[in-house]
Amino acid sequence: MENIIRIENLIFEYMREEGQEPVRAINNITLDIAEGSFTAIIGQNGSGKSTLAKNLNGLLLPTGGAIYVNGWDTRDDEHVWDVRQTAGMVFQNPDNQLVSSIVEDDVAFGPENLGVDPKLIRERVDKALDSVNMGEYKRKAPHLLSGGQKQRIAIAGVVAMRPKCIIFDEPTAMLDPRGRSEIMEIIRDLHRDGITVVLITHFMDEAVKADRVIIMNKGELLLDGTPEEVFEQNELIRSVNLDVPIAVELASRLRSRGIKVPKNVITIEEMVEFVCQYR
Ligand code: ADP
Ligand code: MG
């Protein structure tokens, strides 16, 4: 598989006032993201996740090292829009992402800015709204919708730009459990349709759904592997004050009582399967 994103020795520092040391938020990260993959990124507050996300689509530019999106260096002025269009971003708070007073205008905003032929925009908007199950809301006012519905509109706005990759920065953090599970369903559908997904989350039950899990700590990579490989390191994960998925926690407690739970039991569904063998 091709790498849609290549990160080489990335360093990112936030400048502060004169005379103060800059804040190093990313400290020498090297990482490739394969086209079509689904990667979850977890880490404590302040570990650099959002800074990394904003570097992936050129909202922030590297202080050191480089990022290539679809082969374009994000610092290359000529390809700023190519980079933004290839790697779309969905943020935590949908209110900050909605700009219009009618849903369909909101979703059209991205493609309009990209200079898409106006005749094609309507069709793109309709398809994008259908992909988040919000087609029937297209004439509604976004501010009247629930948090989860607003987030679906924000996702549609990104989908309408036809990105190859979408970076979600804690997209469910402000939602109730129902809104959360709807957004996760949509993210999985988009991935099934071939979109490369990078999902930053602090919910472990969301991270276990990815093909690959990356744990960040203090601006560096702590762990990187399949969910099975990463969550096997539950001591290390706890040592940086992160939780492990509930099924992983349960499995390790069962093992300490002598029950041989296989290592690949990491989701609730897999734990249910395992426990039911004992009926
Ligand atoms: P996360 O998303 O994992 O919580 P962030 O990428 O937001 O982490 O932050 C990483 C580090 O960079 C933190 O130490 C944070 O305080 C600092 N930081 C983030 N944004 C800014 C900013 N605009 N100016 C200065 N420092 C910042
Ligand atoms: Mg963040």
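Up top you'll find the structure we're talking about.
First, a word on what this report is: a plain description of the structure on this page. (Residues numbered from 1 in each chain as written. Chains lettered and ligands numbered in written order. Predicted model: local features only at pLDDT ≥ 70, side-chain atom pairs only at ≥ 80, totals over all residues. Heavy atoms only, no water.)

What follows concerns the overall build of the protein. Tallying secondary structure elements over the protein gives 11 helices and 10 strands in all. Relative to its length of 279 residues, the protein is compact, with a C-alpha radius of gyration of 20 Å against a globular reference of 19 Å. Taking the principal axes of the C-alpha coordinates as reference, the protein spans close to 65 × 55 × 35 Å. Long-range pairs, those at least 24 residues apart, make up 62% of the contacts in the protein with a sequence separation of at least 6. With 32 positive and 44 negative side-chain charges, the protein shows a spacing of 5 Å between the two charge centroids. (Helix = DSSP H or I, 4+ residues; strand = E, 2+ residues; numbered from the N terminus. Rg over C-alpha atoms; globule rule 2.2 N^0.38 Å. Contact = heavy atoms within 4.5 Å. Lys, Arg positive; Asp, Glu negative; His and termini not counted. Charge placed at Lys NZ, Arg CZ, Asp CG, Glu CD.)

With that out of the way, let us pick up the sheet that holds strand β8 (residues 196–200). The sheet built from 6 strands is open, its strands ordered β6-β7-β8-β3-β9-β10 with mixed pairing. Each end of this open sheet is capped by a strand with a single partner; those strands are β6 (87–90) and β10 (220–225). Taken pair by pair, the neighbouring strands of this sheet meet at an average axis angle of 20°, ignoring direction. As paired strands, strand β3 (residues 38–43) and strand β9 (residues 212–217) are joined by 5 bridges and run parallel to one another. Pairing of Ile42 across the sheet is with Ile215, part of β9. Lying over the sheet, helix α6 (residues 177–192) contacts β3, β7 (165–169) and β8, oriented at roughly 150° with respect to β8. (Pairing = 2+ DSSP bridges. Axes fitted to C-alpha atoms, helices over the stretch in contact; angles between N-to-C directions.)

Before going further, it helps to examine the nonpolar core. By size, the foremost hydrophobic cluster in this structure holds 49 residues, and its most contacted members are Val107, Ile155, Phe168 and Phe231. With 6 residues, helix α5 (residues 147–159) is the single largest residue contributor to this core. Not counting residues up to four positions away in its chain, the partners in contact with Phe231 are Ile42, Met204, Ala207, Val208, Val213, Ile237, Pro245 and Val248. Judged by nonpolar contacts, the second largest core, of 25 residues, contains Ile5, Ile26, Ile41 and Ile67. (Core = buried A, V, L, I, M, F, W, Y, C linked by side-chain atoms within 4.5 Å. Buried < 20%, exposed > 50% of the residue type's maximum accessible area, 1.4 Å probe, protein only.)

For the rest of this paragraph, the subject is the packing of aromatic side chains. On inspection of all chains with the given rule, the structure shows 2 aromatic pairs. Ring geometry for Phe12 against Tyr14: centres 4.8 Å apart, planes inclined by 75°, an arrangement best described as edge-to-face. For Tyr14, a relative accessible area of 30% corresponds to the partly exposed category. With a centroid separation of 5.6 Å and 70° between ring planes, the pair formed by Phe274 and Tyr278 is classed as edge-to-face. Using a relative accessible area of 57% as the deciding quantity, one classes Tyr278 as exposed. (Phe/Tyr/Trp six-rings, centres within 6.5 Å; stacked < 30°, edge-to-face > 60°.)

So, on to unusual backbone geometry. Here Lys218, not a glycine, exhibits a phi torsion of approximately 50°, which is positive. Among the structural elements, Lys218 can be located in the loop between β9 and β10. The exposed category is assigned to Lys218, whose relative accessible area is 70%. A positive phi angle, near 60°, is found at Asn241, a position not held by glycine. Mapped onto the elements, Asn241 comes out in the loop between α9 (234–239) and α10 (246–256).

Here we take up the packing of helix α4 (residues 118–131) against α5. Relative to each other, α4 and α5 sit at 135°, their axes nearing to 8 Å. Between α4 and α5, the angle falls in the class oblique. Between α4 and α5 lies a crossing of right-handed hand. Facing α4, whose interface residues are Ala128, Leu129 and Ser131, α5 presents Ile153, Ala156 and Val159. Tallied by class, residues from the contact of α4 with α5 come to 5 nonpolar, 1 polar and no charged. (Parallel < 35°, antiparallel > 145°, perpendicular 65-115°, else oblique. Left-handed = near helix turned anticlockwise from the far one by under 90°. Nonpolar A, V, L, I, M, F, W, Y, C, P; charged D, E, K, R; others polar.)

A cluster of nonpolar side chains, namely Ile246, Ile268 and Val272, defines an oily patch on the protein surface of about 290 Å² accessible area. Residue placement: Ile268 occurs in helix α11 (residues 268–276). The class of Ile268 is partly exposed, set by a relative accessible area of 49%. (Patch = residues over 30% accessible without salt bridge, like charges linked within 9 Å, V, L, I, M, F, W, Y side chains within 5 Å. Areas by Shrake-Rupley, 256 points an atom, 1.4 Å probe, with all protein chains shown as cover. Salt bridge = Lys/Arg side-chain N within 4 Å of Asp/Glu carboxyl O.)

Glancing now at the site of ligand 1. Lining the immediate surroundings of ligand 1 are Tyr14, Ala25, Gln44, Asn45, Gly46, Ser47, Gly48, Lys49, Ser50 and Thr51. Ser50 is positioned such that a nitrogen or oxygen atom in its side chain is 2.9 Å from an oxygen atom of ligand 1. Within the side chain of Thr51, a nitrogen or oxygen atom sits 2.5 Å from an oxygen atom of ligand 1. Coverage of ligand 1 by the protein amounts to 60% of the 570 Å² it exposes when considered alone. At 3 residues, helix α1 (residues 49–56) tops the list of elements feeding residues into the shell around ligand 1. (Near = heavy atom within 4 Å. Polar contact = N/O pair within 3.5 Å; in protein donor to acceptor, adjacent residues only side chain to side chain.)

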